[in-house]
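# Observations on the three-dimensional arrangement
Residue strings, one per chain:
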Amino acid sequence: MKKLEIVIQPEKLEDLKAILDDNEVNGLMISNIMGYGNQKGHKKVYRGAEYNVNLLPKVKVETVVEESIAETLITKIVAEIQTGTYGDGKIFVHEVEDAVRIRTGERGSDAL
Amino acid sequence: MKKLEIVIQPEKLEDLKAILDDNEVNGLMISNIMGYGNQKGHKKVYRGAEYNVNLLPKVKVETVVEESIAETLITKIVAEIQTGTYGDGKIFVHEVEDAVRIRTGERGSDAL
Amino acid sequence: MKKLEIVIQPEKLEDLKAILDDNEVNGLMISNIMGYGNQKGHKKVYRGAEYNVNLLPKVKVETVVEESIAETLITKIVAEIQTGTYGDGKIFVHEVEDAVRIRTGERGSDAL
Amino acid sequence: MDLAGLIESGMDVAEASGLLMNVMWTMIGAILVYFMQAGFAMCEAGFTRAKNTGNILMKNMMDFVLGSLLFFVLGFAIMHGKDANGIIGTTGFFNPTNLADADGLFNGLPVGVFIIFHTVFCATAATIVSGSMAERTKFAAYLAYSAAISVVIYPVSGHWIWGGGWLSSLGFHDFAGSTAVHMVGGICALVGATILGPRIGKYGKDGKPRAIPGHNLPIAALGVFILWFCWFGFNCGSTTAATTSLGDIAMTTNLAAAAATLAAMAVTWIRYGKPDVSMTFNGSLAGLVAITAGCDVVSNWSAIIIGLVAGILVVFSVEFFDKVVKVDDPVGAISVHGVCGAVGTLLTGVFAMDGTGITFLHQLIGVASVMAYVAIMALIVFTIIDKTIGLRVSEQEEREGLDVHEHGSSAYADFNFRL
Amino acid sequence: MDLAGLIESGMDVAEASGLLMNVMWTMIGAILVYFMQAGFAMCEAGFTRAKNTGNILMKNMMDFVLGSLLFFVLGFAIMHGKDANGIIGTTGFFNPTNLADADGLFNGLPVGVFIIFHTVFCATAATIVSGSMAERTKFAAYLAYSAAISVVIYPVSGHWIWGGGWLSSLGFHDFAGSTAVHMVGGICALVGATILGPRIGKYGKDGKPRAIPGHNLPIAALGVFILWFCWFGFNCGSTTAATTSLGDIAMTTNLAAAAATLAAMAVTWIRYGKPDVSMTFNGSLAGLVAITAGCDVVSNWSAIIIGLVAGILVVFSVEFFDKVVKVDDPVGAISVHGVCGAVGTLLTGVFAMDGTGITFLHQLIGVASVMAYVAIMALIVFTIIDKTIGLRVSEQEEREGLDVHEHGSSAYADFNFRL
Amino acid sequence: MDLAGLIESGMDVAEASGLLMNVMWTMIGAILVYFMQAGFAMCEAGFTRAKNTGNILMKNMMDFVLGSLLFFVLGFAIMHGKDANGIIGTTGFFNPTNLADADGLFNGLPVGVFIIFHTVFCATAATIVSGSMAERTKFAAYLAYSAAISVVIYPVSGHWIWGGGWLSSLGFHDFAGSTAVHMVGGICALVGATILGPRIGKYGKDGKPRAIPGHNLPIAALGVFILWFCWFGFNCGSTTAATTSLGDIAMTTNLAAAAATLAAMAVTWIRYGKPDVSMTFNGSLAGLVAITAGCDVVSNWSAIIIGLVAGILVVFSVEFFDKVVKVDDPVGAISVHGVCGAVGTLLTGVFAMDGTGITFLHQLIGVASVMAYVAIMALIVFTIIDKTIGLRVSEQEEREGLDVHEHGSSAYADFNFRL
Ligand SMILES: Nc1ncnc2c1ncn2[C@@H]1O[C@H](COP(=O)(O)OP(=O)(O)O)[C@@H](O)[C@H]1O
Ligand SMILES: Nc1ncnc2c1ncn2[C@@H]1O[C@H](COP(=O)(O)OP(=O)(O)O)[C@@H](O)[C@H]1O
Ligand SMILES: Nc1ncnc2c1ncn2[C@@H]1O[C@H](COP(=O)(O)OP(=O)(O)O)[C@@H](O)[C@H]1O
């Protein structure tokens, strides 16, 4: 099993969900994070004092999938989420040892 | 060392903490996430426009523990958190290479 | 590639960012979490009813880096973030299999 | 008709000026008392949890709405219609403007002015209850209760006190409604919250109360400031006339509230080690409620004492209901309105200035009889609702929040909630 | 001059008392109507998204600011200056206090009192539009529009209705401004929102509207409570005199609002399965807008009917614009102010009490002519702005929020937003 | 006593009517000025950080509470008691109602009316300071300061200006308190914030100020709208009489505020590239403060100029204190109340209409002497508090938030904070 950890622009969440849905991904964990990467932030002024806002709001979507479909998903995500501008985001791939469905106690692939 | 990544219903957090406490788990990281799984969401109507809320608030609890107690924990969690309804949640198990306690610089198991 | 998962006191975020910047770390994912560890919480009273607040606000910073610099980073973080009091935080080290830059489709180290 | 019109129609200048000044002042009072709805709504929303915020706002809005309509159609007649045996009013149903005399006046004021003034007072009594029944009451059941208080509970005891009924004949003094409005609301709150039972998680397995902190202190504080502001309309407006005593009433009102706030803060500081924000703000309301009965007949220093008593009392009363009686009252309405309303009315009997003829005994009779009447009626009403509509939402609804289940919405769509 | 001063200067007691009472009452009205700005600001901020909150607050502040300044310099003269052919006022530019007579009076009131009263009404019309154009309008463009409505749109139709123009001669009755203020604002809102187009994401690929829920219901609800509170100043204050009818006006106003709220809640409950919080609060405003034209000439029961109509109508109207016309109106301003303003004015022709001489036909002429005038002017104004400054922000700015891009700030710096 | 009562007791109609109208108007003023407490509380809470919100709300509540009690017991006597050498009042301690004449009047008003009116003004001065000392002051120390300003600082300079002291004899004109209330508060704010030192993190290692944005703009904006609303009570109410000039005062007040808002927005737009939300709302307050001294004696156009000056000045003043003087004033109270209060009072000497006899020199003497007195007293008071109780919380408390440490609570229990 692999976990894909996908960081994207918040407004791309619907599109990403559509891709995952199409590929029968069964579960997601979505978090709001602040991201920091190549994308430049804004310079803000508050009451005369300047400050840099280089942390930008991003959405992190984590999904645990069968090894077999991970590569397909990555390809599709890159193809469809890409806009070509800084801040498009990243995917990190992790090995997952096991999964457990609390409702039934199922383990491994059955639990996805 | 293993990391258990446990996704549950928000109202089960106290129960989960009790289980972990009983098993002398020393640390937790708790995040609010939006989950998407087998559990169906609500249909809402806002000013006449319908919309599906299929993202549901969940709590993610991460804890890094000695390999030896991971299995015990999983068994207990399944036993005590289970209600048998959709949305009970999942546990994902990950290998952790190392842990560092910033306060002391301790490494590995000592740092847990 | 390694992922460092660094849990710290919220007010140390700027210092941590400075360390990572100095070491040319290119990206971060920052989340607000509630932490539970050796550090004791507060006892609060609300309208006469006491309650323990043993979950404390923490910041989790995740960064995926080349294996080669992971150890240097850990050393620096321990050295500079340490105050020696409970609640200083922890670093967990994970293996990462792959990284993908959505903007370009680059993979592996190139994607960092 | 303006002043020129009135004079033309035969009134002398003094009479006409007096009438219009009284109209203006009573209108100002009514408008300010209306705005208490905002104060209660913010207070109750702020002192409860974010997942139930939309619901509590709706309840606050709807009890004013139902109160306005039903008090017009039925309540006013029961409260101010022709008295029958000192118990109940009997005329003016469906169109209370018919009660006006040939000049369009009722109790010395143009009838419309009089009705709007009493409408907003009725709605205040109704709205007190939503706080104590917050976070677990079915919306439809709440509407039913709200209709009942506006029709069968408040107007009857109101008739006794202000509508020419037996308590007003007796010499019972409740100037602006410590008993007539606040205690009535507070007793209903007590009965309602008791029948309903505590919120899930309020009491641990050991029976000890757990804190369920309010989710938005700025709006709760705003609510208290709004209420204090409007209370000048509530108390000074209750002259229903422009008089030279308005400043005196404002002074006693303000000093009692200030003293109560200080007292509540001090008590929490001593008892809990830190000055408690939410309880201190409750203290302000406690003082305002307590001074309301006697604000026109006590001295400034007596007002300070009444305030101090209310401010100390409210803290212990909240703890008492929370820990001993184990009635779960999320915003402290029972203590603030019920207990301090009763005590303030009684203290009026102690502190009333010489020559007012107010006695402790009469005050006691008034408080006790209204308390008994309201408790019995509330018991009947809530029991009927519980057996028919059902008072309480399901456990799942309560856990996940009333906003999602009862209204299909979230009060803070762009934010995540903690826990 | 106070009463003694006036009498010394030669007025008789009755005249002087009458004048000062009218001054006081009109001032109270003006002050309350000013506070509507807070109500609109909270309402609009609460019913839109957190990323645009600073921007909407600024717009609400700035349209009052521009309205105050420009109405003083130009608008008042156009609205209340010497009438030319029933179409427009022509005197008093740059310093309308010059319009006062020798005693300093204008229309029977000290000129300053009269101007401040009309200033706050003008600003109310202006502020209605910001809600319907929220979350996508360029700030500079909005300022330009706001200047235009305060100078060339509102004062002209205002002159027709209230400034001695042709509609007032005709016998058109719009007591406190269902048409003059609310419908004018509502029509501008419709034209503006149409030209602007819907927010990104408002309509799916299938053309179906998607819900974009407001981010802060407590402040939105507070906004509605504030507006209701101030509406007593708006309607009762429009006598610009202390009269015996103030209570009657307050009663019709309050009953209509209550009935409309109830109706809106009931309709959403039936149609959507659950009582909708945001629509119910919209219902209150719908009732208030609708009763404004006729609050002084309809009976209490007629007011209830007008309220019920408005409360039902507003729900269907919101759906109609959302689903059929596909104009994206984030807060429902078009339906609340435009539709209910027009319908309320017309219903005044139906329900006006005998002897008032108000006819449906005259009401229809008034509504239709003002509607036509405002629609055309708004079309011209918004088109010019669109071609010059540009009405709409860039797609990126809209996605990421107007607060960051237009103002370099966040309204909630210590919180994360969801999604 | 109502009108009939007064006439019966021997007053003639004109006198009695005049008295009651003045009572009503003064009461309206007092009630509105009370509500400024809500405005300040929301403003200060909104413009600071979420972790200190409960604390700032408590401070705002408690300075009104202490002010009310102490001004009654001691302050009123010092301010309005029998004058001694033009410096201080000396009678009326512990029960200022004793100062009333045989008819119960004081300065032509029923004594209770007069006291409540001055109580709310005193509390306004006190509450200004909490904003500039926000987020780092010990709660107990703040209470001590608050008591001091209500007893030894405000009433003394207040006596000079309004209580029959030397400045009122001199011809110094401060109609509603640009100096007496706002500058006094602003100077205390300056001294307090200076002694306290900046918040942790406010200045980088390079000495450059860092932005610490406010956490809740909607409530901050609401605060400003409330303050503007109440300012009509503050300025128009300061006639303490029903007069024909109320509208003129409202006009100058409103135009100055509008002009200042526009100016502040324009300056920030030019200087920072974008119109700054928080500064623009500060601009409104700057204009209101500046016009307060002369709102009764300047023309509308002069009011606009005064507003423009204040609106421009406030931006530069905030930057000056932030960047040059390096005094950390989280909400800009020093610039808004101190600087604009002083400048507004001086400009009254420039723009006062002919025949008022107001001179720049007298205004300058008044401003300078009050400034000196207050600065010295504040220095003494804050130094004593610092050496005894200690002004500042510990570093850990400041980092983690005053709510948790000083009050054991969180203002937003259901939300996570960012960072
Ligand atoms: N090495 C990394 N480790 C952790 N998170 C990263 C890393 N690189 C990027 N990210 C996350 O991905 C987001 C998008 O990255 P960014 O550098 O802006 O993308 P791009 O390189 O496509 O322009 C960042 O805001 C950050 O949250
Ligand atoms: N494959 C997965 N990857 C990531 N998160 C998942 C996955 N499956 C489930 N989850 C998370 O677990 C939560 C509960 O899962 P759900 O499918 O509702 O449980 P169940 O199968 O027991 O009914 C989901 O809301 C989601 O956040
Ligand atoms: N075993 C663990 N698994 C997950 N998170 C942990 C673990 N131990 C500590 N943490 C996280 O690190 C934070 C700091 O840990 P703490 O025990 O307070 O540090 P220290 O041991 O240095 O005093 C905790 O609040 C918790 O969020």
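Coordinates for the structure precede this section.
Okay, so let's go over this structure. (Residues numbered from 1 in each chain as written. Chains lettered and ligands numbered in written order. Predicted model: local features only at pLDDT ≥ 70, side-chain atom pairs only at ≥ 80, totals over all residues. Heavy atoms only, no water.)

What chain D contains, in helices and strands, is 15 helices and four strands. For a compact globule of 419 residues, the expected C-alpha radius of gyration is about 22 Å, and chain D comes in at 21 Å, within 12% of that figure. With respect to the principal axes defined by its C-alpha atoms, chain D has extents near 70 × 45 × 40 Å. Long-range pairs, those at least 24 residues apart, make up 76% of the contacts in chain D with a sequence separation of at least 6. Just so you have it, chain D exposes about 10,900 Å², and 64% of that area is on carbon and sulfur atoms. Side-chain charges of chain D comprise 19 positive and 28 negative groups, with the mean position of each set lying 20 Å from the other. (Helix = DSSP H or I, 4+ residues; strand = E, 2+ residues; numbered from the N terminus. Rg over C-alpha atoms; globule rule 2.2 N^0.38 Å. Contact = heavy atoms within 4.5 Å. Areas by Shrake-Rupley, 256 points an atom, 1.4 Å probe, with all protein chains shown as cover. Lys, Arg positive; Asp, Glu negative; His and termini not counted. Charge placed at Lys NZ, Arg CZ, Asp CG, Glu CD.)

Let us now look at the site of ligand 3. Surrounding ligand 3, one finds 22 residues, the nearest of these being Leu28(B), Arg101(B), Asn38(C), Gly87(C) and Lys90(C). What surrounds ligand 3 is not a single chain but chains B and C. Separating an oxygen atom of ligand 3 from a side-chain N or O atom of Arg103(B) is a distance of 3.0 Å. Broken down by secondary-structure element, the contributors of at least two residues to the shell around ligand 3 are β2 (28–36) and β5 (56–65) of chain B together with β2 (28–36) and β6 (90–95) of chain C. The leading source of residues in the shell around ligand 3 is β5(B), at three residues. In terms of residue class, the shell around ligand 3 is made up of eight nonpolar, eight polar and six charged. (Near = heavy atom within 4 Å. Polar contact = N/O pair within 3.5 Å; in protein donor to acceptor, adjacent residues only side chain to side chain. Nonpolar A, V, L, I, M, F, W, Y, C, P; charged D, E, K, R; others polar.)

Residues and elements named next belong to chain E. Located in the positive-phi region is Asn107, a residue other than glycine, with phi close to 55 degrees. If you trace the backbone, Asn107 turns up in the loop between β3 (105–106) and β4 (109–110). The phi angle at Thr240 is positive, at roughly 45 degrees, despite the residue not being glycine. Mapped onto the elements, Thr240 comes out in the loop between α8 (217–236) and α9 (246–272). The exposure class assigned to Thr240 is partly exposed, which follows from its relative accessible area of 22%. (Buried < 20%, exposed > 50% of the residue type's maximum accessible area, 1.4 Å probe, protein only.)

So, about the site of ligand 2. Neighbouring residues of ligand 2: 22 residues in total, closest Leu28(A), Val64(A), Asn38(B), Gly87(B) and Lys90(B). Chain contributions to the surroundings of ligand 2 come from chains A and B. The side chain of Arg103(A) places a nitrogen or oxygen atom 3.0 Å from an oxygen atom of ligand 2. Between ligand 2 and Tyr36(B) there is a distance of 3.1 Å, counted from an oxygen atom to a backbone nitrogen or oxygen. Coverage of ligand 2 by the protein chains reaches 99% of its 560 Å² of free accessible surface. Those elements giving two or more residues to the shell around ligand 2 turn out to be β2 (28–36) and β5 (56–65) of chain A together with β2 and β6 (90–95) of chain B. Here the shell around ligand 2 takes three residues from β5(A), the largest share from any one element. Class assignment of the residues belonging to the shell around ligand 2 gives a composition of eight nonpolar, eight polar and six charged.

Another point: the packing of helix α4 (residues 111–132) of chain F against helix α5 (residues 139–162) of chain F. Residues and elements named next belong to chain F. Look at α4 against α5: their axes get within 9 Å of each other, and the N-to-C directions meet at 125 degrees. Comparing their axes, α5 and α4 come out oblique. The element α4 and its partner α5 pack so that their crossing is right-handed. Contact with α4, carried on its side by His118, Phe121, Cys122, Ala125, Ala126, Thr127, Val129 and Ser130, involves Tyr142, Tyr145, Ile149, Ser150, Tyr154 and Trp162 of α5 and no other residues of that element. The residue inventory of the contact of α4 with α5, partitioned by class, reads 10 nonpolar, four polar and no charged. (Axes fitted to C-alpha atoms, helices over the stretch in contact; angles between N-to-C directions. Parallel < 35°, antiparallel > 145°, perpendicular 65-115°, else oblique. Left-handed = near helix turned anticlockwise from the far one by under 90°.)

This part covers the pairing of β2(C). Judged by how many residues are buried, β2(C) sits mostly within the fold: nine of nine residues are covered. Alternating residues of β2(C) divide into Leu28(C), Ile30(C), Asn32(C), Met34(C) and Tyr36(C) and Met29(C), Ser31(C), Ile33(C) and Gly35(C), and every residue in both groups is buried. Summarising the sheet, β2(A) and β2(C) pair through three bridges and their orientation is antiparallel. Considered in β2(C), the bridge of Tyr36(A) is made with Leu28(C). With seven bridges connecting them, β2(C) and strand β5 (residues 56–65) of chain C associate as antiparallel partners. In the strand pairing of β5(C), Ile30(C) is matched with Val61(C). (Pairing = 2+ DSSP bridges.)

All right, on to helix α11 (residues 300–324) of chain F then. Taking 1.5 Å per residue, 25 residues should reach 36 Å; α11(F) reaches 35 Å between its end C-alpha atoms and fits that length. Looking one or two residues past α11(F), Lys326(F) carries a phi angle of roughly 55 degrees, positive in sign. (Expected span 1.5 Å × (residues − 1).)

Before going further, it helps to spend a moment on the relation of the copies chain D and chain E. When chain D is brought onto chain E, the operation consists of a screw motion whose angular component is 120 degrees and whose axial shift is 0.0 Å, with 0.0 Å RMSD remaining. The two molecules are tied by a three-fold rotation axis, judged by turn and shift. Interface overlap between copies: only 20% of the residues of chain D at the interface are likewise at the interface in chain E, consistent with a contact formed by different surfaces. (Least-squares fit on C-alpha atoms with pLDDT ≥ 70 in both.)

In protein chemistry, a disulfide is the covalent bond that joins the sulfur atoms of two cysteines. Taken as a whole, this structure holds zero disulfides over all chains when the rule is applied. Free of any disulfide, Cys295(E) has its nearest cysteine sulfur in Cys236(E), 7.2 Å distant. Cys188(F) takes part in no disulfide bond, and the closest cysteine sulfur to it belongs to Cys122(F), at a distance of 11 Å. (Disulfide = S-S within 2.5 Å.)

Taken together, the contact between chain D and chain E spans 65 residues of the former and 60 residues of the latter. Counting each side, the surface lost to burial between chain D and chain E is near 5,000 Å², with a carbon and sulfur contribution of 79%. Where chain D packs against chain E, one counts zero salt bridges. Between chain D and chain E we count seven residue pairs in polar contact (both at pLDDT 80 or more) in total. Counting residues per element, the ones that place at least two in the side of chain D that touches chain E are α1 (3–8), α2 (13–46), α3 (53–80), α4 (111–132), α5 (139–162), α8 (217–236) and α15 (402–407) of chain D. It is α2(D) that provides the largest number of residues to the side of chain D that touches chain E, a total of 17 residues. Residue composition of the side of chain D that touches chain E, by class: 46 nonpolar, 16 polar and three charged. (Buried area = accessible area lost by both parts, 1.4 Å probe. Salt bridge = Lys/Arg side-chain N within 4 Å of Asp/Glu carboxyl O.)

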